[in-house]
Structure formats: C-alpha cells, structure tokens
Amino acid sequence: MARQRLNSSNPAEQELPKAKISKESLQHALTLLKYIKPYRAKFGLGLFFLIGSTVAFMYIPMEMGKLVGVATESIKKGDLTQIKEIALVLFGTLAFAAVFSFFRILWFVEVSEKTVASIRKDVYSNLIRLPMNFFAQSRVGELNSRISSDLSQIQDSITTTLAEFLRQSIILIVGIVAVTIISKELTLFILCVLPVLILIAIFFGKYIRSIARKAQDKLAESNTIVEETLQGIANVKAFTNESYETNRYTQSINQVVKLALRGAKFRGAFVIFITLGMFGAIISIAVYGASLVHLGKIEMKDFISFILYTGFVGGAMGGFAEILAQIQKTLGATERVVELLGEPSEQVAIDEDSYKIEHPIKGDLAFDRVSFYYPSRPEVQVLNEVSFTAKAGEKVAIVGPSGAGKSTIVGQILRFYEPQQGQLLYDGLPASAYSLTDIRNQVAIVPQDVLLFGGSIKENIAYGKIGATDEEIIQAAKRANAHNFIMNFPEGYETKVGERGVKLSGGQRQRIAIARALLKNPVILILDEATSSLDSESERLVQEALEELMKNRTSIIIAHRLSTIREADKIVVLEKGKVIEQGTHNELILKDNGLYRYLSELQLES
Ligand SMILES: Nc1ncnc2c1ncn2[C@@H]1O[C@H](COP(=O)(O)OP(=O)(O)OP(=O)(O)O)[C@@H](O)[C@H]1O
C-alpha cells in the first residue's frame, strides 16, 4: 500500500515529477541500462533469489491451511506426527525464504550502488566540462539537488522498485491461481469487492498525501523565513524588525497548523473507511467462506489458506499503485539524467595529460572586431566590434563604467564563450588554432572575489599547478607576500580555509590567489581588480605581489581604481561594449571631453 506522510513534521521528501510511461521514456531508461551491464550476472542472480524467496513465501499459506486441517484430525487420532511434519516444512520454507532474501538484498544493493556510482561519475565529469553558457542558464544549487535526487530515485528503483514490482506480480499471479483452485465462488466474490475498495483507498490516500504535502511546503516556507532572518540578522536588528519577522513567522506557522488539522480530519475519515470498509470486507469474506465450509463446499484447511492468500493478493493489488508511481518518477529522473549526459561538452581534456602544453603561446593577444552577446540574452549586444592588441609582456588596462563589458572581455580571453563576429588572436593566430585546454593552461586570472576551496592553504595554492612540490608552493607564497601571514597561523600551510576553516581577510585571499597564479606561471595574466579597497598596508603588500606576478608576461588589468594603472602600456576605454578611446594615461588624460579623463577626475574628487 502507498506509504503515507501523515504528519506535517515528517521530513520533507522531495517530490519528483512523474513522467508518462511512453516509448520515449522507456528508451531513455534503456540508455541507462548499459550501466547495469557489467553487473548483469549479479543482477540475474539477485532476480533468481528474489523469485525463489517470493515463491517460498507463497507456499506458506498452503501449509498453514494444511496445519489447521491436520490439527482438527489429530484431535480425533491423538497423533502429533503430521503437525510436527508440517511445522518442519513451514520452518524450512521460512529459512529458505530468509536466506534467499538475504542474498537478493545483498546483490541488488551491490548492483545498484555500483551502477549509480558509475552514472554519478559520468554525470559529474560531463557536467564539469559543459560550456559556461549552460551554467549561466541553470541555477547551480537547483542543478545539484536535482541530480542528487534524480540519481537517488534511480538507485531506489534498482534496489527496491524493480524487486517490488516482480515480487508483487508473482504474489498476485500465484495468489489468484491459488484462490481460484481453492474456490471459484469465493474468488469471484473477492475479485468483485477487493479492487473497488483498493481503488477507493488509493484515491483517499493520494488526497491525504496532497494535503500533507501542502503542509510540508508551508513548513518549508516558514523555515525559509528562519533561515533568511538568521543569515541577515544584522539587517533585522538594524531595522528593528524583530516584531515584523516574528509576525511573519507566526502567520506562516499558523497556516501549517491549519493545513495539518484539515489533513487530520481526512485521516480520521480514512481510518473509518479502513475499519468499516476494508476490515468489513475481510469479515464478509470470512463469513461467506465459513458458510461455504458449513455447506461442505470447501474444506476448513482450504478456507484458512484462502483467507491468507486473499491477504497477500489484496496487499499486492494495493502495492501496485505505489510501484507505478515510483516507476513513473524513475522514468522522469532517467529522462533528466540522460538529457544531462547528452549535453554537448566543451573540448577540454580532463586527464593528467591535459596539463601538458601542446602549442605554446608567446603572449601577443589581439581582439579583432569582436562582437558578442550572451546566448541567453541575444537582444543585448555586450561587445560591439571590440579591437585592441596587447603585445607580449605589455600591461594593458581595460576601464569603463559598470556594465561596459569588462568582465565579458575576460570571459572571451579565457574562451568561455565564442564571439558571434570577429576573432581573438593569440600570437597572431586565431583562437581556433589552439585547443581550449592549451589556451586556458597559459592564461591565469586573479579574480575580484577569490574563491578558496575547503581544504588547506597549501592545497589552495597548489590549485594553480596540480602536483606542485612543497618547495614550489612556498616559493610562490613568498613571492606573493603571503608566506609571512601563512606562517603566523599555528598550522602554517596546513591551516584549513574555506567555509569551515579560518576566515582570511580580503587582502590575504588575494595574495593566495596571486601565489596560485604565480605557480601556474601563465603567459597571459588577467587581473580583475577588487572593487573593495584594502587598508593601505594590505594594499601595499598586494600591489607588490601583483608587480611581481606581472613581470615578464602579458597582463590584462580590469581596473576600477584608475590610480593603479598609470604605468600601463595601454589603456582601453570601454563604454557600452565599444572601445571609445585607447592610449597611455598621459595621452588619454589630455583628451578634452574624454571618458577616461572624466572618470579620472571623478575618482580624484572622491
Ligand atoms: N552571463 C551573462 N548572461 C547574460 N548577460 C550577461 C552575463 N554576464 C553579464 N551580462 C551582461 O553583459 C553586460 C556587461 O557585463 P560585464 O559584467 O561584462 O560588465 P562590467 O564592465 O564587467 O561591469 P562591472 O564593472 O559592474 O563588473 C551587462 O549588461 C550584463 O548585464
């Protein structure tokens, strides 16, 4: 019978959308079957043991009936031998079924774990190679939870749903055959009554579950209030909005209670239905059967077997609704996973060899009339015929108001997106002449917001060069002015950072990122200057480290503070995706009505 979620405080199960059972959805499911293939022998054995244990269980009612018959006779005869024999057979069957069930579970779980592990690995390695555009259009958190719930659903199906489907089918077929052999009359009677009652129970159950789900959703909503307000507690306090938030939470909780109480009424009614309807039906069958026994139409032992088989058949009929729902959910999950596996990925290598540079770049970079819009927003032309060059070893700054397209230029250099028109040239050759991996291996970025991964400082620096030696890491940290502050932590380079580790200041994080970039030793360096300013000591340390990093390589600096780029070999001024000025600081500052001059004056004033 369908599992019920009766109480609003039960943990919220993620309700996965169901898919129609169609040729297409079944084909998707078949695509994933290739992952089971390596374990098909174990899977086959599991199936065999499943059939074995189910058939054994189905034999028990027959023997139980016999036991009752023999018991009646033994009173007359005064002999217990037959009872003992049947008891032995019953316990033997139980033991057989138990051992078979053990192996069935063991093997099904092994097959499902290994199968889903290979699917997980493939999904992840495909996901991580998808183009940026995919991530721009999907919400990463949602994607993550979707994949994990979809894969759990598939795993559940291999372990449980499939087994249950087979088990219940066997029970249903064997059960109906058994009751028909015992008494056609009684079978006809139950086949008229049972399906109707079960259908009512299924619909009733569904309705109750939908109310429970609404209560769950409401509860989740109220939890969001708690989460949001605790995360933004400083805001709540600063605006003295404690009572406003308390009211909002109270209202939300009251709605949960209202829905839960409504659900309770239906649950109560459901219990009435089960008591009167279901048990009433069982009693009716028993009374009808007893009258048949009385009339000598069936024997007592067959009557007992009949009642037991009826129980099994009823259970199997009820169980099918849930199994069908699970199958539909699995087909939905399969469709989404197959879709994800089929997304075209970028041509990047993900094996160890991918770190070898096949086609070295000297460092000349040129934008040649590059026009670009994000595929998700084709109506906004973000770069409009952008052209500029950076010779090997030069420092080129890109400046411009917010939204001018500076970060988009960074994305272009890293080849996150293809321009719709124009091209990028590396050492005079079009970007298409290089593999993506080669370009990205020779470009490094020190971003505005430095993301540190959960792990040690050492691991975070080594991210610039996987497999770097301790000596190389320390050297990079020293050159990045990071060694001293790292050594001030009791655990030095082993200090844990990231979400669960120590919090590093903005300047410290930047120096870690600089060390990372130094270790990567790129030909082209992109500096996305942080907008938030650092205190002067920190600023000096970061600036020094950056100077060290920029030595002997082409540097593209996305500058927010114009004071830092006076020495640049070239400044490219961008406005609404167009290059409107370019030249050195001294050239641009002399331009009357020039945007650079205007922006410089604006910053000087502030
Ligand atoms: N992934 C994206 N998808 C769609 N549009 C985007 C995307 N990223 C940026 N844009 C849009 O492209 C334009 C340029 O953005 P970009 O981030 O390149 O500007 P920016 O000069 O770096 O701005 P800021 O100085 O504020 O960082 C903006 O209109 C922005 O809304």
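Keep in mind the model is a prediction, meaning the values are calculated, not measured.

Caption draft 1: How the structure looks around the sheet that holds strand β4 (residues 421-426). Spatial strand order, β2-β1-β4-β5: four strands in an open sheet with antiparallel pairing. Both outer strands of the open sheet, β2 (383-390) and β5 (429-430), are each paired with one neighbouring strand and no more. Packed onto the sheet, helix α10 (residues 406-413) meets β1 (365-372), β2 and β4 and runs at close to 115 degrees relative to β1.

Caption draft 2: Seen up close, the site of the ligand. Within the structure, the ligand sits among 13 residues, and S402, G403, K406, S407 and T408 are positioned closest to it. In this structure, an oxygen atom belonging to the ligand sits 3.1 Å away from a main-chain N or O atom of A404. In the environment of the ligand, an oxygen atom lies 2.9 Å from a nitrogen or oxygen atom belonging to the backbone of G405. Computed on the free molecule, the ligand has an accessible area of 640 Å², of which 69% lies beneath the protein chains in the complex. Residue classes in the shell around the ligand are distributed as four nonpolar, seven polar and two charged.

Caption draft 3: Spatial organisation of the domain arrangement of the chain. The domain boundaries assigned to the chain delineate domain 1 (18-182 + 319-346), domain 2 (184-297) and domain 3 (361-442 + 556-606). Each of domain 1 and domain 3 was reduced to a C-alpha centroid, and the two centroids are 58 Å apart. On the domain 3 side, the residues contacting the five residues of domain 1 number seven residues. If you sort the residues of domain 1 by the area they bury against domain 3, M132, N133 and E346 come out on top, with a joint share of 79%. For the pair domain 1 and domain 3, the interface holds one salt bridge. Across the salt bridge formed by R440 and E346, the nearest N and O atoms sit 2.9 Å from each other. Where domain 1 touches domain 3, the interface holds one residue pair in polar contact (both at pLDDT 80 or more).

Caption draft 4: Molecular detail of the side chain of Q326. Along the polypeptide, Q326 turns up in helix α9 (residues 300-342). Take Q326: its relative accessible area is 12%, and that puts it in the buried class. Looking at Q326, its side chain comes within polar contact range of the side chain of Q153, at 2.9 Å.

Caption draft 5: Here's a closer look at the nonpolar core. Counting residues in each nonpolar core, the largest one holds 46 residues, and the members touching the most others are I461, I486, I514, L549, I565 and I571. Residue contributions to this core peak at seven residues, all from helix α15 (residues 506-520). Not counting residues up to four positions away in its chain, the partners in contact with I514 are V446, A480, V542, A545, L546 and L549. Formed by 30 residues, the second largest nonpolar core is a distinct cluster that contains A404, I409, L414 and A431.

Caption draft 6: Quick peek at the sheet that holds strand β10 (residues 554-558). The six strands lie next to each other as β6-β9-β10-β3-β11-β12, forming an open sheet whose pairing is mixed. If you trace the sheet from one side to the other, it starts and ends with β6 (443-446) and β12 (578-583), each paired once. The sheet shows a mean angle of 20 degrees between the axes of neighbouring strands, direction not considered. Pairing analysis gives four bridges linking strand β3 (residues 395-399) to β10, with the strands arranged parallel. Bridge pairing in β10 links I398 to I558. Strands β3, β6, β9 (524-528), β10 and β11 (570-575) of the sheet are contacted by α10, whose axis makes an angle of about 155 degrees with β9. Sheet contacts for α15: β6 and β9; angle to β6, the most-contacted strand, approximately 170 degrees.

Caption draft 7: Here's a closer look at the packing of helix α3 (residues 81-127) against α9. Interhelical geometry of α3 versus α9 gives an angle of 45 degrees and a closest axis separation of 9 Å. Taken together, the axes of α3 and α9 lie oblique to each other. Crossing geometry of α3 relative to α9 is assigned as left-handed. Two secondary-structure elements touch here, α3 through I119, D122, V123, N126 and L127 and α9 through V337, L340 and L341. Its residues assigned to classes, the contact of α3 with α9 shows six nonpolar, one polar and one charged.

Caption draft 8: Just the UniProt feature "transmembrane region" (unreviewed entry) in the chain, in detail. If you check UniProt for "transmembrane region" (unreviewed entry), the listed places come out as residues 43-60, 86-109, 165-182, 188-208, 268-291 and 303-325 in our numbering. Annotated as 100% helix and 0% strand, the span residues 165-182 places its first and last C-alpha atoms 26 Å apart. Within residues 268-291, the helical portion is 100% and the strand portion 0%, while the C-alpha atoms at the span's ends are 33 Å from each other.

Caption draft 9: Quick look at the pattern of salt bridges. Applying the stated rule across the entire model yields 22 salt bridges. The salt bridge partner of K66 is E63, with a shortest N-O separation of 3.0 Å. In this pair, K66 and E63 are both assigned in helix α2 (residues 40-77), three residues apart and thus about one turn of the helix distant. Between E494 and K458 there is a salt bridge; the shortest N-O distance is 3.4 Å. One end of the pair, E494, is in the loop between α14 (483-488) and β8 (496-497); the other, K458, is in helix α12 (residues 457-462), and 36 residues separate them in sequence. What makes E494 partly exposed here is its relative accessible area of 39%.

Caption draft 10: Representation of the pairing of β10. Counting buried positions along β10 gives five out of five residues, so the element sits mostly inside the fold. Here β10 shows a buried face lined by T554, I556 and I558 and a second buried face lined by S555 and I557. Across five bridges, the pairing between β9 and β10 is parallel. In the sheet register, I524 faces β10, and the bridge partner there is T554.

Caption draft 11: Seen up close, the environment of G268. Residue position: G268 is located in helix α8 (residues 242-294). Residues G268 and S371, 103 residues apart in the sequence, show an inter-C-alpha distance of 66 Å.

Caption draft 12: Representation of the environment of M550 within the structure. Following the sequence through the fold, M550 ends up in helix α16 (residues 536-550). On the basis of relative accessible area, M550 is assigned to the buried category, the value being 6%. Excluding anything up to four places from it in sequence, M550 contacts K395, L525, L527, S555 and I557.

Conventions adopted
Residues numbered from 1 in each chain as written. Predicted model: local features only at pLDDT ≥ 70, side-chain atom pairs only at ≥ 80, totals over all residues. Heavy atoms only, no water. Pairing = 2+ DSSP bridges. Helix = DSSP H or I, 4+ residues; strand = E, 2+ residues; numbered from the N terminus. Contact = heavy atoms within 4.5 Å. Axes fitted to C-alpha atoms, helices over the stretch in contact; angles between N-to-C directions. Near = heavy atom within 4 Å. Polar contact = N/O pair within 3.5 Å; in protein donor to acceptor, adjacent residues only side chain to side chain. Areas by Shrake-Rupley, 256 points an atom, 1.4 Å probe, with all protein chains shown as cover. Nonpolar A, V, L, I, M, F, W, Y, C, P; charged D, E, K, R; others polar. Domains from an automatic or database assignment. Buried area = accessible area lost by both parts, 1.4 Å probe. Salt bridge = Lys/Arg side-chain N within 4 Å of Asp/Glu carboxyl O. Buried < 20%, exposed > 50% of the residue type's maximum accessible area, 1.4 Å probe, protein only. Core = buried A, V, L, I, M, F, W, Y, C linked by side-chain atoms within 4.5 Å. Parallel < 35°, antiparallel > 145°, perpendicular 65-115°, else oblique. Left-handed = near helix turned anticlockwise from the far one by under 90°. UniProt positions renumbered as here; feature names shortened; annotations may be inferred.

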